[in-house]
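One letter stands for each residue in the lines below.
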Amino acid sequence: QKPISVRTMAPEAVRPRVLVVDDELRVRMLHRLLAESLGCEVTEAPDGLAALEAMRKAPFDLVLLDLGLPDMDGYDL
């Protein structure tokens, strides 16, 4: 029997949207690969200001947030 995944359950139009906020490129890439493998649409932000701009443009279902950002504290974001 074929395993059920997010990709087989949800049509393209309803893919969960994930925002990955981290100043380390490798961490963002890892989170992107994992989320995309689950069928999510991923947006990346390297700092708090970029994350705020992304959140102003569109809603997200999940935000993976580094609390130690270079320009602001993750808690403040």
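In this report, the structure presented in the accompanying data block is examined.

Cut-offs used in this document
- Residues numbered from 1 in each chain as written.
- Predicted model: local features only at pLDDT ≥ 70, side-chain atom pairs only at ≥ 80, totals over all residues.
- Heavy atoms only, no water.
- Salt bridge = Lys/Arg side-chain N within 4 Å of Asp/Glu carboxyl O.
- Helix = DSSP H or I, 4+ residues; strand = E, 2+ residues; numbered from the N terminus.
- Buried < 20%, exposed > 50% of the residue type's maximum accessible area, 1.4 Å probe, protein only.
- Expected span 1.5 Å × (residues − 1).
- Pairing = 2+ DSSP bridges.
- Axes fitted to C-alpha atoms, helices over the stretch in contact; angles between N-to-C directions.
- Core = buried A, V, L, I, M, F, W, Y, C linked by side-chain atoms within 4.5 Å.
- Contact = heavy atoms within 4.5 Å.
- Patch = residues over 30% accessible without salt bridge, like charges linked within 9 Å, V, L, I, M, F, W, Y side chains within 5 Å.
- Areas by Shrake-Rupley, 256 points an atom, 1.4 Å probe, with all protein chains shown as cover.

## As for the pattern of salt bridges
Under the definition given, this model contains 5 salt bridges. Residue Glu 36 is joined to Arg 32 by a salt bridge in which the shortest nitrogen-to-oxygen separation is 2.7 Å. Here the residue Glu 36 and the residue Arg 32 both occupy positions in helix α2 (residues 25-37), the gap between them amounting to 4 residues, near one helical turn. On the basis of relative accessibility, which here comes to 24%, the residue Arg 32 falls in the partly exposed class. As a salt-bridge pair, Glu 53 and Arg 56 come within 3.7 Å of each other at their nearest N and O atoms. With a gap of 3 residues between them, Glu 53 and Arg 56 both fall in helix α3 (residues 48-57), about one helical turn apart. Overall, the relative accessible area of 37% leaves Glu 53 in the partly exposed class. When salt bridges with common partners are traced through the structure, they connect Arg 28, Arg 32, Glu 36 and Glu 44 into a single cluster.

## What to know about α2
Each turn of an α-helix holds 3.6 residues, which means side chains three or four residues apart point in the same direction. With 13 residues, α2 should cover 18 Å at 1.5 Å per step; its first-to-last C-alpha distance of 18 Å lies within 8% of that length. Backbone geometry just after α2 places Gly 39 at a positive phi near 90 degrees.

## Brief notes about the sheet that holds strand β1 (residues 17-21)
The strand order β2-β1-β3 describes an open sheet built from 3 strands, whose pairing is parallel. Looking at which strands have only one partner, the edges of the open sheet turn out to be β2 (41-45) and β3 (62-65). Strand-to-strand twist across the sheet, computed as the mean angle between neighbouring axes with direction ignored, equals 20 degrees. In terms of strand pairing, β1 meets β3 through 4 bridges, oriented parallel. The partner of Val 18 across the bridge, within β3, is Leu 62.

## Some details on the nonpolar core
Leu 19, Val 21, Ala 45, Ala 51, Ala 54, Phe 60 and Leu 69 together form the largest nonpolar core, which totals 7 residues. Of all the secondary-structure elements, those providing two or more residues to this core are β1 and α3. The contacts of Val 21, once residues within four sequence positions are left out, are Ala 45, Asp 47, Ala 51, Val 63, Leu 64, Leu 65, Asp 66, Leu 69 and Leu 77. Counting residues in hydrophobic clusters, the runner-up holds 5 residues, among them Val 18, Val 20, Ala 35 and Cys 40.

## A word on a nonpolar patch on the surface
A surface patch of nonpolar side chains, amounting to about 440 Å² of accessible area, comprises Met 55, Val 63, Leu 65, Leu 67 and Tyr 75. If you trace the backbone, Leu 67 turns up in the segment after β3.

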